[in-house]
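# Descriptive structure summary
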Protein chains: 2
Amino acid sequence: MIDRSSTTDRVAGALREMIFAGDLAPGGPLREVTLAESFGVARSTVREALQVLTAEKLLTRLPNRGVTVTELAEHDIEEIFEARLVLESAGVRAGATGADLSPSTRALATYAEAAGGDSPLVATHAHLEFHTSLVALLGNSRLVAGADVLTADLRLVLASVERQRRNARQQVAGHRRLLTLMRAGDEAAALAELERHLVAARASVIERVGA
Amino acid sequence: MIDRSSTTDRVAGALREMIFAGDLAPGGPLREVTLAESFGVARSTVREALQVLTAEKLLTRLPNRGVTVTELAEHDIEEIFEARLVLESAGVRAGATGADLSPSTRALATYAEAAGGDSPLVATHAHLEFHTSLVALLGNSRLVAGADVLTADLRLVLASVERQRRNARQQVAGHRRLLTLMRAGDEAAALAELERHLVAARASVIERVGA
DNA sequence: CCGACAATAATTGTCGGACAATCCTGCAAT
DNA sequence: ATTGCAGGATTGTCCGACAATTATTGTCGG
């Protein structure tokens, strides 16, 4: 398939990667002319790309003062995890009451594989993919879209933090336990497991950000 | 407060109102030059406004073919109501377990007042506001944002349907019952009441769209 | 009449430049 | 210390242009 994306999309994509990779200092202003020159495109194209990312909440626009990489406070992190708990709990309920678990099973397999690899970034990515796969168990694209927004927010936080693979092996085991409980139809236990995991993850992220 | 909004925002706002009011035929293309002339602004400004609304999913962009008012099928309506059930159920749980219910109480009061008035549009708006207030009981701005997206989607559907105030009196009574159950801390009954209402509303919307 | 195909028109995507409005900074004056 | 002002930087908006793409029309052979 030949590349059919627009210039705006490619610029937005490049900026998105830079944001998630932590190449752009949070809070630092992104100058339109500077970006236009470095990408070799017109300023109007850069403006469109910036607006796309602003709509995704990755960038924040201050009127007449430019855009900056969105900065999230501890309060935001708590919100993100609470919101994930709401959405993923709904997915787990569906999974514990008959929904097809094979997508989550596959996601866990790739996560387990990535956890054994030596790239914390791809492992984290696979981990987040597993969590969205839980929401996807509901088969509702709008809820998945909402989960994706939360995932992007979370990646924004993680970008400003040194990545370290912490006990990925243990994490995978916990997720496997969650899937087992869902297969057994034990809704209450599955929800408890999910909440335990998210609470621990939140603490871990907040601790790392605070450091 | 003097008006500090940008031209782009005002154009986007005007278009949004036109969409919700049903002034723009769904599926019909919106021509950039036509809009620029009718609003008396430059094409680039129109493009930015269109991109804002595209990011909100109110408009759909077909590459090199322009934007159209997003059309939603019956399947989308079912998704919207299922997603609302997930979010509002979480809010109702919070409400039934100690959250401050006064915002929802106020929202219901304005809805009751609007239901007595003679403008179906403001009554519908107040009704939707009440439902978002349920999600707001969680005190999580991200979940509220998600609920707002769903509300906008729903208003998009309603725009293509003749508005009729159907038994608004009865609706208000049902909502009052929901609040009472939450105050009593009867979580199960409150959730059941919410689900009953949403299922009925979904059926009503689908029936009207199909007609 | 119909389908294939070429010519034409309409529209979007991207570019470059321009300029007013706004914001920021430093400095002078009170 | 606060106010006020000049100057520069940056954004917001406008205009015009043109290539790329899509849609429409016209033509031709069957």
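Residues numbered from 1 in each chain as written. Chains lettered and ligands numbered in written order. Predicted model: local features only at pLDDT ≥ 70, side-chain atom pairs only at ≥ 80, totals over all residues. Heavy atoms only, no water.

## A closer look at the overall build of chain A
The condition that has to hold: Here a strand is any run of E in DSSP of at least two residues, a helix any run of H or I of at least four, and the numbering for each starts at the N terminus. For the radius of gyration, the atoms used are the C-alpha atoms, and the globule rule reads 2.2 Å times the number of residues raised to 0.38.
Within chain A one finds 9 helices and 3 strands. In chain A, the order of α-helices and β-strands from amino to carboxyl end is α-β-α-α-β-β-α-α-α-α-α-α. Expected size for 211 residues packed as a compact globule is a radius of gyration near 17 Å; at 19 Å, chain A falls within 12% of this value. Overall size of chain A, expressed as C-alpha extent along the three principal axes, is 55 × 45 × 35 Å.

## Some details on the pattern of salt bridges
Two side chains that carry opposite charge are able to pair once their charged atoms sit near each other. Convention followed: Think of a salt bridge as a Lys or Arg side-chain nitrogen and an Asp or Glu carboxyl oxygen that are within 4 Å of each other. Accessible area is worked out with a 1.4 Å probe on protein chains only. A residue is then buried under 20% of its type maximum, exposed over 50%, and partly exposed in between.
Per the counting criterion, the structure on display carries 24 salt bridges over all chains. Here R142 of chain B and D76 of chain A are joined by a salt bridge, their closest N and O atoms 3.2 Å apart. With R142 of chain B in helix α7 (residues 141-159) and D76 of chain A in helix α4 (residues 74-96), the pair connects residues from two separate chains. For R142 of chain B, a relative accessible area of 17% puts it in the buried group.

## A few points about the domain arrangement of chain A
Residues and elements named next belong to chain A. Our working definition: All the domain ranges listed were derived from an automatic or database domain assignment. Two residues form a contact once any of their heavy atoms are found within 4.5 Å. In short, buried area is how much 1.4 Å probe accessible area vanishes from two parts on joining, totalled over both. For this analysis, a polar contact is any N or O atom pair within 3.5 Å, provided that within protein one partner can donate a hydrogen and the other can accept it, and provided that sequence-adjacent residues contribute only side-chain to side-chain pairs.
For chain A, the assigned domains are domain 1 (7-69) and domain 2 (74-210). Between domain 1 and domain 2, the contact holds 8 residues from the first and 6 residues from the second. In total, about 590 Å² of surface goes out of reach between domain 1 and domain 2, with carbon and sulfur atoms giving 67% of it. On the domain 1 side of the interface with domain 2, the three residues burying the most area are F20, K57 and L58, jointly 66% of the side's total. Inspection of the region where domain 1 meets domain 2 yields 0 salt bridges. Applying the counting criterion to the domain 1 and domain 2 interface returns 0 residue pairs in polar contact (both at pLDDT 80 or more).

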